[in-house]
Amino acid sequence: MRIDLDANATTPVLPEVLEAMQPYWLELYGNPSSTHQSGRRARGAVEMARIALASLLHCSAKEIVFTSGGTESDNLALCGVLQPYLDRGEPAHLITTQIEHHAVLFAAESLERRGVEVTYLKPDSNGVIRPEDLEAALRPHTRLVSVMLANNETGAIQPVGKIARIAKAHGALVHTDAVQGAAKIPLDLSGEFKNVDLLSISGHKMYAPQGTGVLFVRQGISIAPLFHGGPHERQRRAGTENVPGIVGLGRAAELGQQRLAAGHITTLTTLRDRLEQGLLSAIPGASINCAAAPRVPNTTSLRIDSINAEALIIALDLQGIAASFGSACMSGAAEPSHVLIAMGLTSAEALATIRLSLSTLTTAEEIDRALEIIPAAVTRLRSVV
Ligand code: PLP
């Protein structure tokens, strides 16, 4: 039995999602821009999915833009807001954080090279951005604030509602990368997040296919498109829609909403806490990064003194457990995580940290088995050093 404790890297497509998608490759294929019957059917399916996403996020269907995933949504948000200032030769300042995913960080760096001023806020030692630091960083020409909702490595939830209120009062737009928060915690764009203007989601972190995503763009906000082509997605994202993928994402959004209503947060938190407590009591010198921060219910960032995380990941893989070192996108590179370093960990501490992330399919039996395998692997590794 393989145990997948790497759900923050990707999740499987749920059977219900696959079932919903299936007809759109076979008998119901069609281009949603075609006026004939199969085109209209495909259009109908895309619009139903848009409604499902809007319902998950508590926004209007018109505010949903389908993209190819989190990376594209993040780039569209940052470049879409800031490129027009560069084009007009007007000053533009972006505030983001040192703990963002590279989809935001590298987009920010690219904008910086093109003339945007960028401030990267540092988190506190619990991996959380302080709203007062944002307040102090605002400038008259701050156009956009981009702070992620939940960190992919530590699970730490950022005070996005508060941050958005401060930025809005200053006249800046607000983007949040909610890739690791969507369908894990409630997202209410007409309540707690009513001051958020742009929000990114990725399908493959919420049981929909890889290569699907959404950028929420609040009504009245105009963004420059990344791609030039047809008038798709109300001129915001050119290109024929990925109809089966969008249908799958819509079904995944419905299922996510049902799970949240059925108390999924408590179920996952209970499993995650059982894993953490078991590991802390079985492994001397183990600690949880960001334990004091509010966290999404599925993520554990586990630091183990005098352990090489990469060696542990390999040992666990051989024993049937998928876990990850730093962020998934950097796996293979033995660089300390920029997130953990920003929080104040030393390189050695960051290189001794693994990430365990649970999915909705994780069972209590799998957690118990992981609690046998992980401490034993740590003991073995320590004995050979
Ligand atoms: N943002 C965060 C927080 C992520 O964790 C990821 C993927 O790991 C992304 C963005 C990129 O999403 P995608 O893989 O859909 O491009």
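Just so it is clear, the model here is predicted, and its values are computed rather than measured. (Residues numbered from 1 in each chain as written. Predicted model: local features only at pLDDT ≥ 70, side-chain atom pairs only at ≥ 80, totals over all residues. Heavy atoms only, no water.)

## Re unusual backbone geometry
As a reminder of what qualifies: Helix and strand definitions follow DSSP, with helices as H or I runs of at least four residues and strands as E runs of at least two, each counted in order from the N terminus. Accessible area is worked out with a 1.4 Å probe on protein chains only. A residue is then buried under 20% of its type maximum, exposed over 50%, and partly exposed in between.
Positive phi is not limited to glycine here, since glutamate 233 has a value of about 50 degrees. Topologically, glutamate 233 is positioned in helix 7 (residues 232–235). Taking the relative accessible area as the measure of exposure, glutamate 233 reaches 7% and is therefore buried.

## Points about the packing of aromatic side chains
The description of an aromatic ring pair rests on the distance of the ring centres and on the angle between the ring planes. As a reminder of what qualifies: Within 6.5 Å between ring centres, the rings of Phe, Tyr and Trp (the latter by its six-membered ring) count as paired, and their orientation is classed by plane angle as stacked under 30 degrees, edge-to-face over 60, tilted in between. When the NZ atom of lysine or the CZ atom of arginine is within 6 Å of a ring's centre and also within 35 degrees of its normal, the charge is said to sit over that ring.
Inspection of the entire model under this criterion finds zero aromatic pairs. The lysine or arginine in question, arginine 88, covers the ring of tyrosine 85, its NZ or CZ lying 5.0 Å from the ring centre.

## Digging into the packing of helix 2 (residues 37–57) against helix 8 (residues 243–261)
Note the following rule: Interaxial angles span 0 to 180 degrees and are taken between N-to-C directions of axes, which are lines fitted to C-alpha atoms, for helices over the stretch in contact. Under this scheme an angle from 65 to 115 degrees is roughly perpendicular, one under 35 degrees roughly parallel, and one over 145 degrees roughly antiparallel; angles in between are oblique. For any helix crossing, the convention is left-handed if the near helix is rotated counterclockwise from the far helix by under a right angle, and right-handed if that rotation is clockwise. Contact criterion: two residues are considered in contact whenever any of their non-hydrogen atoms come within 4.5 Å of each other. Note on residue categories: nonpolar means Ala, Val, Leu, Ile, Met, Phe, Trp, Tyr, Cys or Pro, charged means Asp, Glu, Lys or Arg, and polar means any other residue, Gly included.
Put simply, helix 2 and helix 8 touch, their axes get as near as 8 Å, and they point 30 degrees apart. With respect to helix 8, the axis of helix 2 lies roughly parallel. Our pair here, helix 2 against helix 8, has a crossing hand that is left-handed. Counted together, Ala42, Ala45, Val46, Ala49, Ala52, Leu53, Ser55 and Leu56 of helix 2 and Val243, Ile246, Val247, Leu249, Gly250, Ala253, Glu254, Gly256 and Gln257 of helix 8 form the full contact between these two elements. Tallied by class, the residues present in the contact of helix 2 with helix 8 amount to twelve nonpolar, four polar and one charged.

## A short note on the site of the ligand
Put simply, the rule reads: Put simply, a residue is near a molecule or strand once any heavy atom of it comes within 4 Å of that molecule or strand. We define a polar contact as two N or O atoms separated by no more than 3.5 Å, with the added condition that, inside protein, one atom must be a possible hydrogen donor and the other a possible acceptor, whereas residues neighbouring each other in sequence contribute only through side-chain atom pairs.
Taken together, 13 residues lie near the ligand, and Gly70, Thr71, Asp177, Ser202 and Lys205 sit nearest. Between the ligand and threonine 71 there is a distance of 2.6 Å, counted from an oxygen atom to a side-chain nitrogen or oxygen. In terms of residue count, helix 3 (residues 70–88) provides more of the shell around the ligand than any other element does, three residues in total. Looking at the shell around the ligand, its residues break down into two nonpolar, eight polar and three charged.

## Describing the pattern of salt bridges
Filter applied, for reference: Salt bridge, as applied in this entry: a Lys or Arg side-chain nitrogen positioned within 4 Å of an Asp or Glu carboxyl oxygen.
Enumeration over the complete set of coordinates arrives at 18 salt bridges. Linking arginine 50 and glutamate 47 is a salt bridge whose minimum nitrogen-to-oxygen distance equals 2.7 Å. One end of the pair, arginine 50, and the other, glutamate 47, are both in helix 2, three residues apart, so they sit about a helical turn from each other. We note a salt bridge from glutamate 349 to arginine 303, for which the minimum N-O separation is 3.7 Å. Of the two residues, glutamate 349 sits in helix 12 (residues 347–350) while arginine 303 sits in strand 10 (residues 299–304), which places them 46 residues apart along the sequence. Accessibility expressed as a relative area gives 28% for glutamate 349, which makes it partly exposed. Connected through salt bridges with shared partners, the residues Arg43, Glu47, Arg50, Glu233 and Glu241 form a single ionic network.

## Remarks on the packing of helix 9 (residues 264–282) against helix 13 (residues 364–384)
Following both chains from N to C, one finds helix 9 and helix 13 inclined at 20 degrees, their axes separated by 10 Å at the closest point. Between helix 9 and helix 13, the angle is such that the two are roughly parallel. The interaxial crossing formed by helix 9 with helix 13 has right-handed handedness. Across the interface between the two elements, Leu271, Arg274, Leu275, Gly278, Leu279 and Ala282 of helix 9 pack against Ala364, Ile367, Asp368, Ala370, Leu371, Ile374 and Pro375 of helix 13. Class assignment for the residues of the contact of helix 9 with helix 13 results in ten nonpolar, one polar and two charged.

These figures come from the coordinates and say nothing about function on their own.
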